[in-house]
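These are the residues of each chain, in order.
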Amino acid sequence: MFFRTKPAGSYRYLQIVHSVREGKKVRQQVIATLGRLDLLEASGQLERLMRSGLRHCESFAVIDAHAAGQIQPVAIRRIGPDLVFARLWKESGIPEVLRSVLKARQYEFDVERAIYLTVLHRLFASGSDRAAERWREDYLIPGTEGLELHHLYRAMAFLGDALEQLEKPTGAVRCNKDLIEETLFERRRDLFTEVELVFFDTTSLYFEGRGGESIGQCGHTKDHRPDLKQMIVGMAVDVEGRPICCEMWPGNTADVTTLLPVVKRMRERFRIREITIVADRGMVSQATLEAFENSDPPVRYIVGVRMRRQKEVSVSVLGSRARWFESVPQRSKAKDPAPLKVKEVWIEDRRYVVCLNEEERRKDAHDREAIVAHLKEQLRNGDKSLVGNKGYRRYLKVEGSGHFVIDEKQVKAEERYDGIWVLRTNTVYNTETVAHVYKALWTVEDIIRTAKSILETRPIYHKCNETIRGHVFCSFLALLLKTELERRMKFADLQCEWAQVLRGLEALQQVEATFQDKRFLLRSQLGAEASAALRATGVAAPSTLRELP
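Residues numbered from 1 in each chain as written. Predicted model: local features only at pLDDT ≥ 70, side-chain atom pairs only at ≥ 80, totals over all residues. Heavy atoms only, no water.

**What about the confidence of the model for the chain?**
Inference 1: When pLDDT is averaged along the chain, the result is 83, and 88% of the positions lie at 70 or above.
Inference 2: The spread of mean pLDDT over the elements of the chain runs between helix α3 (residues 58–67), the lowest at 57, and helix α4 (residues 80–91), the highest at 94. (pLDDT = per-residue confidence, 0-100. Helix = DSSP H or I, 4+ residues; strand = E, 2+ residues; numbered from the N terminus.)

**Examining the sheet that holds strand β2 (residues 11–22)**
Inference 1: Strands sit in the order β1-β2-β3 across an open sheet of three strands; the sheet is antiparallel. If you trace the sheet from one side to the other, it starts and ends with β1 (2–8) and β3 (25–36), each paired once. The average angle at which neighbouring strand axes cross in this sheet is 40 degrees, direction not considered. (Pairing = 2+ DSSP bridges. Axes fitted to C-alpha atoms, helices over the stretch in contact; angles between N-to-C directions.)

**Focus: the pattern of salt bridges**
Inference 1: Going through the model one piece at a time under the given rule, you end up with 33 salt bridges.
Inference 2: Salt-bridge contacts for Arg87 lead to Glu91; the nearest nitrogen and oxygen are separated by 3.8 Å. One end of the pair is Arg87 and the other is Glu91, both in helix α4 and four residues apart, which spans about a single turn.
Inference 3: Residue class for Arg87 comes out partly exposed when judged on its relative accessible area of 30%.
Inference 4: In this structure, Arg154 engages Glu108 in a salt bridge whose closest nitrogen and oxygen atoms are separated by 2.6 Å. (Salt bridge = Lys/Arg side-chain N within 4 Å of Asp/Glu carboxyl O. Buried < 20%, exposed > 50% of the residue type's maximum accessible area, 1.4 Å probe, protein only.)

**Description of the packing of aromatic side chains**
Ring pairs (aromatic) are described by centroid distance and by the angle formed between their planes.
Inference 1: All chains considered together, the criterion is met by nine aromatic pairs.
Inference 2: Ring centres of Phe85 and Phe124 lie 5.7 Å apart, and the angle between their planes is 85 degrees; this geometry places the pair in the edge-to-face category. You can see Phe85 sitting in helix α4 and its partner Phe124 sitting in helix α6 (residues 111–124), a full 39 residues away along the chain.
Inference 3: In this structure Phe85 comes out as buried when scored by relative accessible area, which is 0%.
Inference 4: By relative accessible area, which is 12% here, Phe124 ends up buried.
Inference 5: Plain terms: the ring middles of Tyr107 and Phe158 are 6.3 Å apart, the flat faces sit at 80 degrees to each other, and that makes the pair edge-to-face. (Phe/Tyr/Trp six-rings, centres within 6.5 Å; stacked < 30°, edge-to-face > 60°.)

**Describing helix α11 (residues 286–294)**
Inference 1: Considered for burial, the residues of α11 that qualify are Thr288, Leu289 and Phe292. Taken down its axis, α11 places every buried residue within 100 degrees of arc, on the same side. Facing away from the buried side of α11, by more than 90 degrees, are the exposed residues Ala287 and Asn294. (Arc of directions from axis to C-beta.)

Right, dumping it as structure tokens:
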């Protein structure tokens, strides 16, 4: 039974009809003609008729009363975040792993729920753990109702609780978070028997305050905050972009001292025999490469090298007349992959791969021309203020009575580096593969940027080493969930920006209301982004209206 409009001359009439089958045909039978549609709408009779009918359909009556503001909400909670990430949290095995590590502990509160709350807060609002306690009030997160701030702090301390002090040079410690990482890796080992490629990079995170008992130290800051103590965090990511583990060291640890201990630890912790490390030029020293090659079995590597500082690279490698091979052609569309040319150069037993991006070459040349042109203009007004600018300084030289002029020889020399980067490797991969694997290093760099910006791991306010390590590890767990959701959405061919997905899930609300002495739950409208996240994780959206017992 349904409404139908029937035209008659210049008017339209509203009818109630239903379908009846006569033999093999279905025809519509008119039950009643209610009148001219324009008159029914103008007089308000149609609206009164519909409202009258709603009295005999409780579900629609509740929805209509809610829309009209005639019912009083008892509670309003955001349900989207927990709907999606509770499923990912469970299917990743994190609750089970936490319970296994907690088996010998006796806590009077649910540690797993405290960690889950912190991780969920880190995904949606970030900020300090103190903020997580207040944030929870607007969200439906089962099992977290009785948690207080000191419970969150104790959960962080449990994650970072030291089990063993590791040998130098890094000063790292083995703690509970390592047990969790290893067990999570074992759970998915059946999906990939070996980790062939490991992408590794580090960053610094600064502290607001003391910086723990020992982990907070002054060192080379990547955040441009030399006034604050910091810690160093390293992230290892597999070839599929999933975080494997995170490592933490005092803030005065040099990057070049971290790579060798990380490889050694990963072999021991995850029982990996064959491993290929991919890292940028700031992570590697000649001593590290020699140690890789002399280990048993040798560690394979693909690493960036410093083109200007290493004479062998700047003279012999870049001066090689080996032919370029076009791996990726020039773009025809904006979304096409960036162009790439590669060539292989051997210096004795050392293998180098030189990569060239023609787009970057043109951009570098244009930028340099702009800098030199601006320099010439500024030199007419005096040269003292230019020395402090690193971008300017490389193109200047002293001439005559202590004045600066353009160093044309240096300008010419810089041309040979336009759009080029050089790799060194001891793998058996072909030249193209080496170049493309190294380009994929952006995966771990993107994850670290996410940890620092989207998840706001920094600044850190904790005062104890244990809670600091736990705080950072919660960001690692949040990255695990983020990566898994993105992976599932990509597999389901659902294209959504991450920020839009979060907004869509936050907008999904549940209203508890009372109507005619009965309690109901009403769900807000399901947006496209929230719907995509639910579909990707296999979660059914709650019904629009439910009556509570």
